[in-house]
Amino acid sequence: DTAVSQTPKYLVTQMGNDKSIKCEQNLGHDTMYWYKQDSKKFLKIMFSYNNKELIINETVPNRFSPKSPDKAHLNLHINSLELGDSAVYFCASSQLGLLPHEQFFGPGTRLTVL
Amino acid sequence: RKEVEQDPGPFNVPEGATVAFNCTYSNSASQSFFWYRQDCRKEPKLLMSVYSSGNEDGRFTAQLNRASQYISLLIRDSKLSDSATYLCVVNREYGNKLVFGAGTILRVKS
């Protein structure tokens, strides 16, 4: 059983296109995240949703728009793709509480913008 | 200065060796600390949390020094399967916001 799944696994597209990445978790967690890992391997948080409410919104271009239809799903839509958007995008989930809980990551979506 | 800094390595060690990684963090308000492991082209996975008193999990020992703002990971009796990137991770505020270091690459060779 896959705990956190993402689709697609690979995405190759041209500059200027619009694309979406989907994420689903079956762990019953209430919080989901999007991270970007660039070529230098830095993993940086982009967004976090708790029970469909945006709670973390880092300095990310507004071409990136997350959407959480329910607490098990968090999608990421990217408009007008640029070369610098090429990276691996990881979705993650956890249970929010007084102390931070382990975050479980999906397998990643490798985005290449040509 | 990056919020979480690690020596990128790579650390090349023979099987059976003991290896230690350090990590420093800049935000003294940081609350919780972790080591995650990331295999090549895979997702990060939690290796262990780091507690103030230090903690051990089999061959792995984690230490926290709040005064000096550094965290360490010691791996004893290295195995080939320990080869991976080790990510130092700090949580600093409500909302489970994790800040990741760039990682330290470990290569264990036979």
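How each quantity is defined
Residues numbered from 1 in each chain as written. Chains lettered and ligands numbered in written order. Predicted model: local features only at pLDDT ≥ 70, side-chain atom pairs only at ≥ 80, totals over all residues. Heavy atoms only, no water. Helix = DSSP H or I, 4+ residues; strand = E, 2+ residues; numbered from the N terminus. Rg over C-alpha atoms; globule rule 2.2 N^0.38 Å. Contact = heavy atoms within 4.5 Å. Areas by Shrake-Rupley, 256 points an atom, 1.4 Å probe, with all protein chains shown as cover. Salt bridge = Lys/Arg side-chain N within 4 Å of Asp/Glu carboxyl O. Buried < 20%, exposed > 50% of the residue type's maximum accessible area, 1.4 Å probe, protein only. Pairing = 2+ DSSP bridges. Axes fitted to C-alpha atoms, helices over the stretch in contact; angles between N-to-C directions. Buried area = accessible area lost by both parts, 1.4 Å probe. Polar contact = N/O pair within 3.5 Å; in protein donor to acceptor, adjacent residues only side chain to side chain. 1 Å grid on protein atoms, 1.4 Å probe; cavity = no way out; pocket = protein on both sides within 12 Å on 5 of 7 lines; lining within 4 Å. Points joined across faces, edges and corners; volume = space filled by probe spheres on them. Nonpolar A, V, L, I, M, F, W, Y, C, P; charged D, E, K, R; others polar.

1. Let's talk about the overall build of chain B
- Secondary structure assignment for chain B yields zero helices and 11 strands.
- Element order for chain B, N to C, with α for helix and β for strand: β-β-β-β-β-β-β-β-β-β-β.
- Relative to the globule expectation of 13 Å for 110 residues, the C-alpha radius of gyration of chain B, 13 Å, shows essentially globular dimensions.
- Once local pairs closer than 6 in sequence are excluded, the contacts in chain B between residues at least 24 apart make up 56%.
- Of the accessible surface of chain B, which amounts to about 5,300 Å², a share of 47% is contributed by carbon and sulfur atoms.

2. Looking at the pattern of salt bridges
- Under the criterion given, the structure shown has seven salt bridges over all chains.
- Between Asp-85 of chain A and Arg-63 of chain A there is a salt bridge, with the nearest N and O atoms lying 2.8 Å from each other. Of this pair, Asp-85 of chain A sits in the loop between strand E8 (73–78) and strand E9 (87–94) while Arg-63 of chain A is found in the loop between strand E6 (53–57) and strand E7 (64–70), placing the two residues 22 residues apart along the sequence.
- For Arg-63 of chain A, a relative accessible area of 13% corresponds to the buried category.
- Between Arg-37 of chain B and Asp-39 of chain B there is a salt bridge, with the nearest N and O atoms lying 2.9 Å from each other.

3. Side note on the sheet that holds strand E7 (residues 60–65) of chain B
Residues and elements named next belong to chain B.
- The strand order across the open sheet built from five strands is E1-E3-E8-E7-E6, with neighbouring strands paired in antiparallel fashion. Of all the strands in the sheet, the pair left with one neighbour each is strand E1 (4–6) and strand E6 (55–57). For this sheet, the mean angle separating the axes of adjacent strands, direction not counted, is 20°.
- Pairing of E6 with E7, which is carried by three bridges, proceeds in the antiparallel orientation. Bridging across to E7, Asp-57 finds its partner in Phe-60.

4. Details of the interface of chain B and chain A
- Of the residues lining the interface, 19 residues belong to chain B; the matching set on chain A comes to 24 residues.
- Of all residues in chain B, Asn-96, Lys-97 and Phe-100 of chain B bury the most surface against chain A, accounting for 30% of the area lost on that side.
- There are one salt bridge connecting chain B and chain A.
- Joining chain B to chain A, the criterion identifies three residue pairs in polar contact (both at pLDDT 80 or more).
- The set of elements that each furnish at least two residues to the side of chain B that touches chain A consists of strand E4 (32–38), strand E5 (44–50) and strand E10 (98–100) of chain B.

5. Quick word on the sheet that holds strand E3 (residues 19–25) of chain A
Residue and element names in this part refer to chain A.
- Read from one edge to the other, the open sheet built from four strands follows the order E1-E3-E8-E7, with strand pairing classed as antiparallel. The sheet is open, and its two borders are formed by strand E1 (4–7) and E7, each paired with just one other strand. Pairs of neighbouring strands in the sheet enclose a mean axial angle of 20°, with direction left out of account.

6. Examining the side chain of Ser-48 of chain A
All names here are of chain A.
- Inspection of the secondary structure puts Ser-48 in strand E5 (residues 43–50).
- At a separation of 3.3 Å, a polar atom in the side chain of Ser-48 contacts the main-chain carbonyl oxygen of Met-32.
- In contact with Ser-48, not counting residues within four places along its chain, are Thr-31, Met-32, Tyr-33, Glu-53, Leu-54, Ile-55 and Ile-56.

7. Concerning the environment of Ile-78 of chain A
Residue and element names in this part refer to chain A.
- Note that Ile-78 resides in strand E8.
- Since its relative accessible area comes to 1%, Ile-78 is described here as buried.
- In this structure Ile-78 touches Asn-17, Asp-18, Lys-19, Arg-63, Phe-64, Asp-85 and Leu-111, once residues within four positions along its chain are discounted.

8. Considerations on the environment of Asn-79 of chain A
Residue and element names in this part refer to chain A.
- Mapped onto the secondary structure, Asn-79 falls in the loop between E8 and E9.
- Judged by relative accessible area, which is 29%, Asn-79 ranks as partly exposed.
- The spatial distance from the C-alpha of Asn-79 to the C-alpha of Leu-96 is 30 Å, given a sequence separation of 17 residues.
- If we skip the residues at most four places from it in the chain, Asn-79 touches Asn-17, Asp-18 and Arg-63.

9. Things to note about the layout of surface pockets
- For the largest pocket, the calculated volume is near 670 Å³.
- Contributing to the lining of the largest pocket are 29 residues, with Lys-41 and Arg-110 of chain A together with Cys-40, Arg-41 and Lys-42 of chain B lying nearest its centre.
- Only E9 and strand E11 (109–113) of chain A together with strand E9 (84–91) of chain B provide two or more residues apiece to the lining of the largest pocket.
- Of the residues belonging to the lining of the largest pocket, the class tally is 11 nonpolar, nine polar and nine charged.

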